[in-house]
Amino acid sequence: MSDKNDECGCGNESESECKSTAPRVTIPEPEMTKDKKYRCPLDQEIYDNKEDYEMHCKEEHDVL
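Participant: Help me understand the sheet that holds strand β3 (residues 46–47), please; the structure alone is not making it clear to me.
Facilitator: Each strand in a sheet pairs with its neighbour through backbone hydrogen bonds, running either in the same direction (parallel) or in the opposite one (antiparallel). Ordered in space as β1-β2-β3, the 3 strands form an open sheet in which the pairing is antiparallel. Lying at the two open borders of the sheet, with one neighbouring strand each, are β1 (31–32) and β3. For strand β2 (residues 38–39) and β3, the ladder comprises 2 bridges, and the chain directions are antiparallel. Following the sheet pairing, Arg39 is matched in β3 by Ile46.

Participant: Sorry, what's going on with the side chain of His61 here?
Facilitator: Within the fold, His61 resides in the segment after α3 (50–60). At a separation of 3.3 Å, a polar atom in the side chain of His61 contacts the side chain of Asp43. Of the polar contacts made by the side chain of His61, one reaches the side chain of His56; its length is 3.1 Å.

Participant: Sorry if this is basic, but what is going on with the side chain of His56 here?
Facilitator: Structurally, the position occupied by His56 is in helix α3. Leaving out residues up to four positions away in the same chain, His56 has contacts with Cys40, Asp43, Glu45, Tyr47 and His61.

Participant: What exactly am I supposed to notice about the environment of Thr26 here?
Facilitator: Here Thr26 is to be found in the loop between α2 (15–21) and β1. Assessed through its relative accessible area of 53%, Thr26 is described here as exposed. Here the alpha-carbon distance between Thr26 and Asp62, two residues 36 residues apart in the chain, equals 8.9 Å.

Participant: Teacher, can you tell me more about the nonpolar core here?
Facilitator: When a protein is soluble and globular, its nonpolar side chains tend to lie buried together. Of all hydrophobic cores here, the largest spans 6 residues; its members are Tyr38, Cys40, Tyr47, Tyr53, Cys57 and Val63. Not counting residues within four places of it along the chain, the set of residues in contact with Cys40 comprises Glu45, Tyr53, His56, Cys57 and His61.

Participant: Explain the environment of Glu60 to me, please; I cannot follow it from the model alone.
Facilitator: As for its placement among the helices and strands, Glu60 is situated in helix α3. Here the alpha-carbon distance between Glu60 and Leu42, two residues 18 residues apart in the chain, equals 10.0 Å.

Participant: Please explain α3 as it appears in this structure.
Facilitator: Along an α-helix, a turn takes 3.6 residues, which lines up residues three or four apart on a common side. For α3, every residue scored as buried is listed here: Tyr53, His56 and Cys57. Buried residues of α3, seen end-on, are gathered within an arc of 95° and therefore sit on one face of the element. Away from its buried face by more than 90 degrees, α3 exposes Glu51 and Glu59. On its buried face, α3 sits against β2 and β3. Where α3 starts, the residue carrying a side-chain oxygen 3.3 Å from the main-chain nitrogen of Glu51 turns out to be Asn49.

Conventions and cut-offs
All residue numbers here refer to positions counted from 1 along the written sequence of the relevant chain. Reporting in this predicted model follows two pLDDT cut-offs: at least 70 for local features of residues, and 80 or more for side-chain atom pairs to be given and counted; totals over whole chains, interfaces and linings ignore these cut-offs and use all residues. With hydrogens and water stripped out, all remaining heavy atoms of the structure feed into the side-chain values. Only strands joined by at least two bridges in the DSSP assignment are considered to pair. By definition, any uninterrupted DSSP run of H or I lasting at least four residues is a helix, any uninterrupted run of E lasting at least two residues is a strand, and each is numbered from the N terminus. Here a polar contact is taken to be a pair of N or O atoms separated by no more than 3.5 Å, where protein atoms must pair a possible hydrogen donor with a possible acceptor and residues adjacent in sequence count only if both atoms sit in side chains. Every residue pair with non-hydrogen atoms within 4.5 Å of one another is taken to be in contact. Relative accessibility decides the category of a residue: with a 1.4 Å probe and only protein chains considered, values under 20% of the type maximum give buried, values over 50% give exposed, and everything between is partly exposed. Note on terminology: a nonpolar core comprises buried Ala, Val, Leu, Ile, Met, Phe, Trp, Tyr and Cys residues joined through side-chain atoms within 4.5 Å. The arc under discussion is defined with respect to the helix axis, by the directions toward the C-beta atoms.

Structure (structure tokens):
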């Protein structure tokens, strides 16, 4: 078993199986742009408000 599997505790053999069965992390803190928008630190997408940013993280990054 790899260290990644030990960290998540799911016991799945591959990372793709782990991603499909359980969220990996909580929503990361957004980076604020100079024009007060929310930038995702994972893929650098920019959102006008926190609700859109959080929805993006939940849908695209499988976070809590």
